Amino acid sequence: MAAQATLHCLTGCAIGEVLGMVIGTATGLHNTGTIILSIVLAFIFGYALTMRGVIRSGLTFSAALKVALAADTVSIAVMEIIDNTVIVAVPGAMDAQLSDWLFWGSLAFSLVVAFIVTTPVNRWMISRGLGHAVVHGHH
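Residues numbered from 1 in each chain as written. Predicted model: local features only at pLDDT ≥ 70, side-chain atom pairs only at ≥ 80, totals over all residues. Heavy atoms only, no water.

As recorded in an unreviewed UniProt entry, the protein goes by the name DUF4396 domain-containing protein, listed as coming from Curtobacterium citreum.

Structure follows, in structure tokens:
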């Protein structure tokens with residue numbers, strides 16, 4: 001269940017992370033701006049993915065937002081810390097262009113590492129009725 005919850009969370013995060021990195025790189029944003037954009041978009045897409053499912057179950061937007069915040073905040077935060085740290089740590093990754101294998105390879109690698117590190121965090125939270133366990137009552 002923890003791996004499934006992490007994969008769900010990673011899907012939204014990855015959409016935002018990749019989009020932020022692509023936009024930041026394509027527009028020539030400074031590395032800090034690119035990372036901030038990626039983090040903001042990761043949270044937006046991560047929460048939106050959860051909200052989409054719980055709104056379909058009948059919750060209002062406000063209630064769905066509360067569920068998404070409770071379910072995903074820690075998971076997204078851990079993922080973002082890990083994947084952005086990995087990208088910054090890979091020599092040349094932040095300066096790579098969209099046509100460089102280093103851009104895409106380091107981004108993919110960072111998301112894999114984030115998944116591996118975040119899964120035990122989600123497992124711990126779910127075992128205590130926190131995190132993604134909050135969402136399961138709304139499916």
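Draft legend 1. Just the UniProt feature "transmembrane region" (unreviewed entry) in the protein, in detail. When the UniProt feature table is mapped to this numbering, "transmembrane region" (unreviewed entry) covers residues 7-29, 35-55, 67-89 and 101-121. Taken end to end, residues 7-29 has its terminal C-alpha atoms 29 Å apart, with 91% of it in helix and 0% in strand. Helix makes up 100% of residues 101-121 and strand 0%, with an end-to-end C-alpha separation of 30 Å. (UniProt positions renumbered as here; feature names shortened; annotations may be inferred. Helix = DSSP H or I, 4+ residues; strand = E, 2+ residues; numbered from the N terminus.)

Draft legend 2. Region of interest: the UniProt feature "domain: DUF4396" (unreviewed entry) in the protein. Sites flagged by UniProt as "domain: DUF4396" (unreviewed entry) map to residues 1-130. Note that residues 1-130 is 83% helix and 0% strand, and that its end C-alpha atoms are spaced 13 Å apart.

Draft legend 3. Representation of the packing of helix H2 (residues 31-56) against helix H3 (residues 61-89) within the structure. Running from N to C, H2 and H3 cross one another at 145°; their axes reach a closest spacing of 8 Å. By crossing handedness, the relation of H2 to H3 is classed as right-handed. Looking at the contact of H2 with H3 residue by residue, the classes come out as 17 nonpolar, five polar and two charged. (Axes fitted to C-alpha atoms, helices over the stretch in contact; angles between N-to-C directions. Left-handed = near helix turned anticlockwise from the far one by under 90°. Nonpolar A, V, L, I, M, F, W, Y, C, P; charged D, E, K, R; others polar.)

Draft legend 4. Looking closely at the side chain of Glu17. Its location among the elements puts Glu17 in helix H1 (residues 2-27). No salt bridge is formed by the buried Glu17, whose closest oppositely charged neighbour, Arg52, lies at an N-O distance of 19 Å. (Buried < 20%, exposed > 50% of the residue type's maximum accessible area, 1.4 Å probe, protein only. Lys, Arg positive; Asp, Glu negative; His and termini not counted. Salt bridge = Lys/Arg side-chain N within 4 Å of Asp/Glu carboxyl O.)

Draft legend 5. View of the environment of Thr118. With respect to the element layout, Thr118 can be found in helix H4 (residues 101-127). As a C-alpha pair, Thr118 and Val78 span 40 residues in sequence and 6.3 Å in three-dimensional space. Once residues within four sequence positions are removed from consideration, Thr118 is found in contact with Thr6, Ser75, Val78 and Met79. Of the polar contacts made by the side chain of Thr118, one reaches the backbone oxygen of Ala114; its length is 2.7 Å. (Contact = heavy atoms within 4.5 Å. Polar contact = N/O pair within 3.5 Å; in protein donor to acceptor, adjacent residues only side chain to side chain.)

Draft legend 6. Looking closely at the packing of aromatic side chains. The full count for this structure, using the stated rule, is two aromatic pairs. An angle of 55° between the planes, with centres 5.8 Å apart, marks the rings of Phe43 and Tyr47 as tilted. In this pair, Phe43 and Tyr47 are both assigned in helix H2, four residues apart and thus about one turn of the helix distant. Residue classification places Phe43 among the partly exposed residues on the basis of a relative accessible area of 22%. Geometrically, the ring pair formed by Phe103 and Trp104 is edge-to-face, given 4.8 Å between the ring centres and 80° between the ring planes. In this structure Phe103 comes out as buried when scored by relative accessible area, which is 5%. (Phe/Tyr/Trp six-rings, centres within 6.5 Å; stacked < 30°, edge-to-face > 60°.)

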